[in-house]
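Understanding the architecture of this molecule
The residues making up each chain are set out below.
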Amino acid sequence: MYFGAALFIIMIGIYGVATSKNLIKAFVSLNIMETGVNILLIMTGFVKGGAIPIFSSPDRLIKAVDPLPQALVLTSIVIGFATTALGLVIVRLFFIKNGKYELDDSIYHKMIKGSLK
Amino acid sequence: MTRKLLLIIALLLIFVPLFRVFNKYEFPREATNKIAKYYTANTIRDHNIPNMVTGVVVGYRGFDTVGELIVLFLAVMGLQAVIKTNRDSVPRIIFTKASPILNGGTKIMYPFIFLFSIYIIIHGHLSPGGGFQGGAMLATGVLLNALCCGKQPAASVKYAEGASGFTVVLLGIISVLFLGYFMGNYMKFGHFGGLISGGILSVFYILIGMKVGTELSGLIGSYIGDK
């Protein structure tokens, strides 16, 4: 069930990336896909009946979920943020050069002729 | 239309079998991973902090975290390079008066957002949260202020950013002298569960929080521009 939710979110993201011509929409879809991947990663560390990985007292060990995927997902979120910020600035540059956010036929012809700089 | 339908069919053809495979997976009753067992058993002995995730992020895998800071720094640097080299052609964002909801809401919420972000940063070793989350929250406050009143962060944030990033790496390298590896916990002070505990690890996380917060504030400033 949980896997279904994560895979469904990834699927929505792939659909958005593949069908949207607007570059900002494509980046938002990429972010949605990333959320699904993060859910999938977090789930690999789940333990049935496990508590959050924080101790309440020093001498009582708890049955906690795996803390490693959570730490790695923290990294993944930050990297995702950084790539999104950089990508959006490049989209803005694209808008300055071409006057629009869409990748359509005119951009394609420019690319073929090599005049897109 | 046909292309979209074909895309949906292809995605279903990939993901339905994947789901059927994943769905057979039974979550284990206890952590089977050796590393997870090690972290659960030794976080208190090694770092004297309750939060295992902080122990992993800053303590056991501190080198990864420094790499993460470098990736963030590179992304922000590339972004500012793109903005600054196209300074003449980038149209300026002109701020009109914000709506009363945004204006009033920001004025009420602004101090609380800052207070909560500092709380999250300095309690990184005790409760969920830490430097990255608190830093992002700090930048949210700066962003709200920029959206409502057109104020941009002071130019001196970049010095705070450089100083905190430099101090993290310097303290990490000092660890090599004491323990022989990068970013070890070489000063253990404080008692378990107190605000001042975890030794140098909490200092690392506070510095990382400062670095991330000031870096993202500088990013917002460069998006807004000079005028």
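Conventions and cut-offs
All residue numbers here refer to positions counted from 1 along the written sequence of the relevant chain. Lettering of chains starts at A and numbering of ligands starts at 1, both following the order in which they are written. In view of the model being predicted, local features appear only for residues whose pLDDT reaches at least 70, and side-chain atom pairs are presented and counted only at 80 or more, with totals across whole chains, interfaces and linings using the full set of residues. For side-chain calculations, the full set of non-hydrogen atoms in the structure is used, while hydrogens and water are omitted. The patch calculation keeps residues exceeding 30% relative accessible area without a salt bridge and links them within 9 Å when they carry like charges or within 5 Å when they are nonpolar (Val, Leu, Ile, Met, Phe, Trp, Tyr). Accessible surface is estimated by sampling points in the Shrake-Rupley manner with a 1.4 Å probe; for residues, cover comes only from the protein chains shown. For salt bridges, the criterion is a side-chain nitrogen of Lys or Arg within 4 Å of an Asp or Glu carboxyl oxygen. By definition, any uninterrupted DSSP run of H or I lasting at least four residues is a helix, any uninterrupted run of E lasting at least two residues is a strand, and each is numbered from the N terminus. Burial here depends on accessible area, computed with a 1.4 Å probe over protein chains only, as a share of the maximum for the residue type. Under 20% is buried, over 50% is exposed, and the range in between is partly exposed. Comment: axis = line fitted to C-alpha atoms, over the contacting stretch for helices; angle = value between 0 and 180 degrees taken between N-to-C directions. Working definition: roughly parallel below 35 degrees, roughly antiparallel above 145 degrees, roughly perpendicular at 65 to 115 degrees, and oblique for all remaining angles. Helix crossings fall into two classes, left-handed where the near helix is turned counterclockwise from the far one by less than a right angle and right-handed where it is turned clockwise. Contact definition: two residues touch when any of their heavy atoms are within 4.5 Å. Residues are grouped as follows: nonpolar covers Ala, Val, Leu, Ile, Met, Phe, Trp, Tyr, Cys and Pro; charged covers Asp, Glu, Lys and Arg; every other residue, Gly included, is treated as polar. Working definition: rings of Phe, Tyr and Trp (its six-membered ring) pair if their centres are within 6.5 Å, and the pair is stacked with planes under 30 degrees apart, edge-to-face with planes over 60 apart, and tilted otherwise. Predictor confidence is given residue by residue as pLDDT, running from a minimum of 0 to a maximum of 100. By nonpolar core we mean a set of buried residues, namely Ala, Val, Leu, Ile, Met, Phe, Trp, Tyr and Cys, connected to one another through side-chain atoms within 4.5 Å. A simple way to read buried area is as the amount of 1.4 Å-probe accessible surface that goes missing from two parts once joined, with both sides added. Two N or O atoms form a polar contact when they lie within 3.5 Å of each other; inside protein one atom must be a possible hydrogen donor and the other a possible acceptor, and for residues adjacent in sequence the pair counts only when both atoms belong to side chains.

Residue and element names in this part refer to chain A. Residues Phe-8, Ile-12, Ile-24, Val-28, Ile-32 and Leu-88 make up a contiguous nonpolar surface patch of about 470 Å² in total accessible area. No other element matches helix 2 (residues 23-43), which puts three residues into the nonpolar patch. Relative to the elements of secondary structure, Ile-24 occurs in helix 2. Residue classification places Ile-24 among the partly exposed positions, given a relative accessible area of 34%.

Residues and elements named next belong to chain B. Direction vectors running N to C along helix 7 (residues 157-179) and helix 8 (residues 200-224) enclose 150 degrees, while the axes themselves pass 8 Å from each other. In terms of axis orientation, helix 7 runs roughly antiparallel to helix 8. For the element pair helix 7 and helix 8, the recorded crossing hand is left-handed. Between helix 7, through Val-157, Ala-160, Glu-161, Ser-164, Gly-165, Thr-167, Val-168, Leu-171 and Gly-172, and helix 8, the contact on the second element is made entirely by Ile-200, Val-203, Phe-204, Leu-207, Ile-208, Met-210, Lys-211, Thr-214, Glu-215 and Gly-218. Considering only residue class, the contact of helix 7 with helix 8 consists of ten nonpolar, six polar and three charged.

Right, let's get into the pattern of salt bridges. Residues and elements named next belong to chain B. For the coordinates displayed, the defined rule picks out six salt bridges over all chains. The shortest N-O distance in the salt bridge between Arg-45 and Asp-46 comes to 2.9 Å. Look at Asp-46 and you get buried, because its relative accessible area is 17%. Glu-161 is paired through a salt bridge with Lys-211; the nearest N and O atoms lie 3.5 Å apart. On the criterion of sequence distance, the pair formed by Glu-161 in helix 7 and Lys-211 in helix 8 is long-range, its members being 50 residues apart. The pair Glu-161 / Lys-211 is uniform in exposure class, with both members buried. It is possible to trace a salt-bridge network through shared partners that takes in Glu-161, Lys-211 and Glu-215.

A word on the packing of helix 5 (residues 100-122) of chain B against helix 6 (residues 131-149) of chain B. Residue and element names in this part refer to chain B. It is the contact of helix 5 with helix 6, at a shortest axis distance of 9 Å, that shows an interaxial angle of 165 degrees. As summarised for this structure, helix 5 and helix 6 are arranged roughly antiparallel, according to the angle between their axes. Handedness of the crossing formed by helix 5 with helix 6: left-handed. For the contact of helix 5 with helix 6, a count of residues per class yields 14 nonpolar, nine polar and no charged.

Residue and element names in this part refer to chain B. At Asn-48, a position not held by glycine, the phi torsion is positive, near 60 degrees. Here Asn-48 shows up in the loop between helix 2 (34-47) and helix 3 (52-60). The phi torsion at Met-183 lies on the positive side, around 55 degrees, for a residue other than glycine. Met-183 sits in the buried class, given a relative accessible area of 1%.

One pass over the full model with this rule turns up 14 aromatic pairs over all chains. A centroid spacing of 5.0 Å and a plane angle of 85 degrees characterise the contact between Phe-46 of chain A and Phe-27 of chain B, whose relative ring orientation is edge-to-face. Here Phe-46 of chain A is found in the loop between helix 2 and helix 3 (67-98), whereas its partner Phe-27 of chain B is found in the loop between helix 1 (2-23) and helix 2 on a different chain. By relative accessible area, Phe-27 of chain B is classed as buried at 13%.

All names here are of chain B. Per-residue pLDDT for chain B averages 86, and the proportion of residues at 70 or more is 95%. Highest mean pLDDT in chain B belongs to helix 5 (92); lowest belongs to helix 2 (86). For this predicted complex, the interface confidence reaches an ipTM of 0.82, while the overall pTM sits at 0.86.

Counting residues in hydrophobic clusters, the biggest one holds 39 residues, and the most contacted among them are Val-57, Val-58, Phe-132, Phe-204, Tyr-205, Ile-208 and Val-212 of chain B. Of all the secondary structure elements, the ones that give two or more residues to this core are helix 3 of chain A together with helix 3, helix 4 (62-85), helix 6, helix 7 and helix 8 of chain B. Ranked by residues supplied to this core, first place goes to helix 8 of chain B with eleven residues. If we ignore the near neighbours within four places in the chain, the residues touching Val-57 of chain B are Ala-71 and Leu-74 of chain A together with Gly-62, Thr-65 and Tyr-205 of chain B. Of all hydrophobic cores here, the second largest spans ten residues; its members include Ile-10 and Met-43 of chain A together with Phe-15 and Phe-27 of chain B.

What follows covers the interface of chain B and chain A. Each partner contributes to the interface: chain B provides 54 residues, whereas chain A provides 44 residues. Across the interface of chain B and chain A, roughly 4500 Å² is buried in total on both sides, 78% from carbon and sulfur atoms. Applying the counting rule to chain B against chain A returns six residue pairs in polar contact (both at pLDDT 80 or more). Put simply, the parts of the chain that give the side of chain B that touches chain A at least two residues each are helix 1, helix 2, helix 3, helix 4, helix 6 and helix 8 of chain B. Here the side of chain B that touches chain A gets ten residues from one element, more than from any other, and that element is helix 1 of chain B. Along the lines of polarity and charge, the residues of the side of chain B that touches chain A split into 38 nonpolar, ten polar and six charged.

This brings us to the environment of Ile-12 of chain A. Residue and element names in this part refer to chain A. By the element assignment, Ile-12 lies in helix 1 (residues 2-19). Relative accessible area serves as the criterion here: at 40%, Ile-12 is assigned to the partly exposed category. When the C-alpha atoms of Ile-12 and Gly-36 are compared, they prove to be 9.2 Å apart, with 24 residues separating the residues in sequence.

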